[in-house]
Amino acid sequence: MRDVTYAMSVSLDGYIVGPDGGFDWTVPDEEVFRFWTDETRQLGAHLLGRRLYETMLYWETADQDPSLDDAQLEWTALWKSLPKVVFSTTLSAVRGNARLATGSLAEEIERLRAEPVEGDIAIGGATLAAEAAASGLIDEYRAMVYPVLVGGGIPFFPQHERRVDLELVETRTFNSRVVYLRHRVTR
């Protein structure tokens, strides 16, 4: 069965976006960018909330940007071809290899898991991840922890009122002092 993963860059104090809405501290260096590219290769679908979808729209046409290097063009090609499901109550249409969700989050995940396709199902965005976590739908949490304290903002970990036991599966420290933590939910 395809795993559902939640992966984001996060500050040491647990936020994916700071109190001012900024996330400029998450700009990856070359080593971290290569890691994210390799992770994206393992995906079969990506679920996004509206805000993250709108943030990622740049990558739908980024290959036309002459300033991109080969690594960025490679990631752009991977992202553009990756099937995406967008959860929004305000959007009436989406672009690229994306579709608007027609069912609930649980229904969409069940539908994707039933497809005869390889690759994990990634969830992007804290609100969508919180809903998935509350329903017990996340199999792995993958945090790229940056050595910065931002003091507030949007938390990485969903705020729900139940305990979730995790098993540490992988760690990696990058030259930039960024630390990758991969935890599997124990069931």
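Keep in mind that this is a model prediction, so the values were computed, not measured.

Here we take up the packing of aromatic side chains. For the coordinates displayed, the defined rule picks out eleven aromatic pairs. Judged by centre distance (6.2 Å) and plane angle (80 degrees), the ring pair of Y6 and Y141 falls under edge-to-face. Remark: Y141 occurs in strand β7 (residues 140-146) and Y6 occurs in strand β1 (residues 4-11); sequence separation between them is 135 residues. Looking at Y6, the relative accessible area reads 0%, which means it is buried. Put simply, the rings of Y6, Y141, F156 and F157 pair up and form one aromatic cluster.

Now for the pattern of salt bridges. Under the criterion given, the structure shown has 20 salt bridges. Of the charged contacts, one joins R172 and E31 as a salt bridge, the two residues approaching to 3.6 Å between their closest N and O atoms. Here R172 is found in strand β9 (residues 166-173), whereas its partner E31 is found in helix α1 (residues 30-41), with 141 residues between them in sequence. Overall, E31 belongs to the partly exposed group, its relative accessible area being 24%. The salt bridge partner of K84 is E60, with a shortest N-O separation of 3.7 Å. Taken together, the residues K84 in strand β4 (residues 84-87) and E60 in helix α3 (residues 58-61) connect sequence positions 24 residues apart. Judged by relative accessible area, E60 falls into the buried class, the value being 12%. Among the charged side chains, a salt-bridge network with shared partners connects D3, E39, D120, E140, R142, E170, R182 and R184.

Definitions and limits used
Residues numbered from 1 in each chain as written. Predicted model: local features only at pLDDT ≥ 70, side-chain atom pairs only at ≥ 80, totals over all residues. Heavy atoms only, no water. Phe/Tyr/Trp six-rings, centres within 6.5 Å; stacked < 30°, edge-to-face > 60°. Helix = DSSP H or I, 4+ residues; strand = E, 2+ residues; numbered from the N terminus. Buried < 20%, exposed > 50% of the residue type's maximum accessible area, 1.4 Å probe, protein only. Salt bridge = Lys/Arg side-chain N within 4 Å of Asp/Glu carboxyl O.

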